[in-house]
Amino acid sequence: MIFLFLLLSRKKADMSTEPPIIDGSSADAQNANNNGSFSQTKQSVKSGGTRKSLPSPLTSAKNNSAADSRNMRRIIAEDPNWSLATVPLLTELCVKHIVDNFAEHPKLNELLPKYKDKVLEKISTNLPLSVVSHLVCDEGYWQRRCKATWNVCDVSKYQHNWKRMFFERHIEYIIEHFVPETTEETQLNNTLPLASPYIWKLDLKQLLPPVKEEPNKIPDDVSDVGSESGLDTPSMDHFEFSTVFDKLPHLQEFSITYGVRDCGMNFEWNLFMFTNRDCLLLSKCIKKCRTLKVFKLHRSKVDDDKTRVLIAHILDHPSLSELDLSHNMIADSGARAIGKFINGRCKLTKLNLSNNKIRANGAAAIGHALSKNTTLKLLDMKLNRIGDDGNEY
């Protein structure tokens, strides 16, 4: 009896110690608690047997406001352009520094080709010509500069050379807007040495005369005397080309019109006057320019006297092959001087005398000279007054 009671008591104790059936989440939680209790026990043993609890990160964040990222102090950069973007490469910073200081310290030929191209793409088109004229040969830069200066840029007229186009048009602009006895020559004198290696042609569509001062009132009894003596006629001599031609060693084409464009309501006949002194100075310049091949002087009221002066200076020109004196006032006397020119040792291949006042006698003189000329291939004499008698020649 006593043995049976002990056996039942032992079986009941075994059943009470059997592990309960739990799910996976409960098991994980139970393991975490066991591990935590084990670590806390181990830590308490190391500290001398007293158990100390560790603070929870959740409760510490609530109690400590500095640990909350929402309450942290924001740091704002003093530079408003500062950003979190990637810092540029050192080579890019160097290129930017060279571009920003190119006017004061031009550096180009010392750079590697890939960096040189980057500098040429970014330098300003307003740099002084003294800096870029001889240093920069890149056509891309001069194309940008031409398009920034003029709305219409036909580079085909300049053998597709942008640098040549810029300097030729730049010199043309300076001369066309030069007012004798008023405009300072400093700009022209400073620009010519920089532009001279790149100028092969000049096409001047106007020349401004000196500024005419207001005439003083003349009494009626002496007005006729002053008019007859020519004292009331101001000097209207135009720009002198001697200094320009001396500094252009490659000049081959020269075209000029003595007149004013877009004068509007300020029209006066004196604005279109080609004086005797203008003719003499221009003829001397043409004679000295030994490289000149094409010379055009049109719409300038060139008469017989001025034609004879011009022909006298270019009779023995070594390289002149094209002469254009169209739209002038050349008559028979001037035509005879031209006939003497083509009958000599000239090398003309083109001669344009259209829209003048040449009649039958002048045509006869030119026709006689053509019988001995072997170089002339084109002669234009339309819009003259030759008539049927002149056509026989």
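## Brief notes about the packing of aromatic side chains
In step 1: Inspection of every chain in the model, using the stated rule, returns 13 aromatic pairs.
In step 2: Considering the side-chain rings of F241 and F245, the 6.1 Å spacing of their centres and the 85° angle between planes classify their relative orientation as edge-to-face.
In step 3: By relative accessible area, which is 2% here, F241 ends up buried.
In step 4: An aromatic cluster is built from Y141, W142, W150, F166, F167 and Y198, whose rings are joined through pairwise contacts.
In step 5: The positively charged end of R169 is found above the aromatic ring belonging to W150, 4.4 Å away from the centroid.
In step 6: Looking at K201, its charged tip hangs above the ring of Y158, at a distance of 5.2 Å from the centre.

## Considerations on unusual backbone geometry
In step 1: One non-glycine residue, R299, lies in positive phi territory at about 55°.
In step 2: Topologically, R299 is positioned in the loop between β3 (294-297) and α13 (304-314).
In step 3: Judged by its relative accessible area of 51%, R299 falls in the exposed class.
In step 4: The residue L383 is not glycine, and still its phi comes out positive at about 60°.
In step 5: Within the secondary structure, L383 is located in the loop between β6 (378-380) and α16 (387-391).
In step 6: A residue is classified by how much of its surface remains accessible, and L383, at 58% relative accessible area, is exposed.

## A closer look at the sheet that holds strand β5 (residues 350-352)
In step 1: A sheet is described by the order of its strands in space; here 6 strands give the open sequence β1-β2-β3-β4-β5-β6, paired in parallel fashion. Only two strands of the sheet have a single partner each, and these edge strands are β1 (201-204) and β6. On average, adjacent strands in this sheet sit at an angle of 5° to one another, irrespective of strand direction.
In step 2: For β3 and strand β4 (residues 322-324), the ladder comprises 3 bridges, and the chain directions are parallel. Across the sheet, residue F295 finds its bridge partner in β4, namely L323.

## Looking at the pattern of salt bridges
In step 1: Tallied over the full model, the rule gives 8 salt bridges.
In step 2: Across the pair E168 and R164 runs a salt bridge, and its minimum N-O distance is 2.7 Å. Taken together, the residues span about one helical turn, with E168 and R164 both in helix α8 (residues 162-176) at a distance of 4 residues.
In step 3: On the basis of relative accessibility, which here comes to 0%, the residue E168 falls in the buried class.

## Quick look at the nonpolar core
In step 1: Judged by nonpolar contacts, the single largest core of 78 residues is most densely connected at F241, F254, F295 and L297.
In step 2: Examining the composition of this core, we find that 7 residues originate from one element, α8, more than from any other.
In step 3: Counting 5 residues, the second-largest nonpolar core is a separate cluster that includes V179, L208, C263 and L271.

## Section: the environment of Q143
In step 1: If you trace the backbone, Q143 turns up in helix α7 (residues 139-149).
In step 2: Classification of Q143 by relative accessible area gives partly exposed; the value is 28%.
In step 3: For the pair Q143 and N161, spaced 18 residues apart in sequence, the C-alpha separation works out to 8.9 Å.

What counts, and where the lines are drawn
- Residues numbered from 1 in each chain as written.
- Predicted model: local features only at pLDDT ≥ 70, side-chain atom pairs only at ≥ 80, totals over all residues.
- Heavy atoms only, no water.
- Phe/Tyr/Trp six-rings, centres within 6.5 Å; stacked < 30°, edge-to-face > 60°.
- Buried < 20%, exposed > 50% of the residue type's maximum accessible area, 1.4 Å probe, protein only.
- Lys NZ or Arg CZ within 6 Å of the ring centre and 35° of its normal.
- Helix = DSSP H or I, 4+ residues; strand = E, 2+ residues; numbered from the N terminus.
- Pairing = 2+ DSSP bridges.
- Axes fitted to C-alpha atoms, helices over the stretch in contact; angles between N-to-C directions.
- Salt bridge = Lys/Arg side-chain N within 4 Å of Asp/Glu carboxyl O.
- Core = buried A, V, L, I, M, F, W, Y, C linked by side-chain atoms within 4.5 Å.

Purely geometric numbers; function is a separate question.
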